[in-house]
Amino acid sequence: VAAGVVIAFLASVCQSVTGFGFALVMVPLITVVWAVKPGVAATVLLSLFGNLMLLREVRGHVSVPRVGGLLAGFAIGLVPGVIIFEKVDEDVLRIGVGVIVLIATFAIFRSPEIDRGHDSLGLRMAAGAISGAIGSSTSLSGPPIVLYLVGRVREIDAFRATVLAYFVPSSVVVLVSYAIVGQIT
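So, a few notes on the structure that sits alongside this text. (Residues numbered from 1 in each chain as written. Predicted model: local features only at pLDDT ≥ 70, side-chain atom pairs only at ≥ 80, totals over all residues. Heavy atoms only, no water.)

**Comments concerning the packing of helix 6 (residues 121-138) against helix 8 (residues 156-180)**
- For the pair helix 6 and helix 8, interaxial distance at closest approach is 10 Å and the crossing angle is 45 degrees. Relative to helix 8, helix 6 is oriented oblique. When the axes of helix 6 and helix 8 are compared, the crossing they make is right-handed. Counted together, G128, S131, G132, G135, S136 and S137 of helix 6 and Y166, V174 and Y178 of helix 8 form the full contact between these two elements.
- Counted by class, the contact of helix 6 with helix 8 contains 3 nonpolar, 6 polar and no charged residues. (Axes fitted to C-alpha atoms, helices over the stretch in contact; angles between N-to-C directions. Helix = DSSP H or I, 4+ residues; strand = E, 2+ residues; numbered from the N terminus. Parallel < 35°, antiparallel > 145°, perpendicular 65-115°, else oblique. Left-handed = near helix turned anticlockwise from the far one by under 90°. Contact = heavy atoms within 4.5 Å. Nonpolar A, V, L, I, M, F, W, Y, C, P; charged D, E, K, R; others polar.)

**Observations regarding the packing of helix 1 (residues 2-18) against helix 2 (residues 22-33)**
- Put simply, helix 1 and helix 2 touch, their axes get as near as 8 Å, and they point 165 degrees apart. Between helix 1 and helix 2, the angle falls in the class roughly antiparallel. The way helix 1 lies across helix 2 gives a crossing that is right-handed. Contact residues: helix 1 offers A3, G4, I7, A8, L10, A11, S12, C14 and Q15, while helix 2 offers F22, V25, M26, L29, I30 and V33.
- Its residues placed into classes, the contact of helix 1 with helix 2 shows 12 nonpolar, 3 polar and no charged.

Encoded structure:
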């Protein structure tokens, strides 16, 4: 438990500085000391509380149309992600977490080269669907959303607010889904 507290603190520091990254720090570390599925569920729960507190500070800057499209896509990715979370062996999930973290790190590092001009409902829904599937299976829902928003939302408060406004409802839905399938008791 002590290791979990220290890991959650480190993840919180990362998120408070950048507005995202809690799961990118917490999941790989927590799954070293805890089983994967409880670690993922704990990450979603803890990130929800942190996101609620941070969103209060920047709520007036949310890009509502973007969040709506992202959440519509999230709904598409949710069910496959929960099925993966429920059915896939923990060792396979652990490897998946590692691969996703590596890909996300590289993609975010390369993000300045991403097409900044194109934006559409379809793109929002695609980012949301990928985030929904990855997030509900590993709690690493952030990278697709961050990569979508890079260059499209230039003001830092609007960027953080939009990310957080996506994470709060999506985290609630993921937690409810985990409870429905018996992963949270």
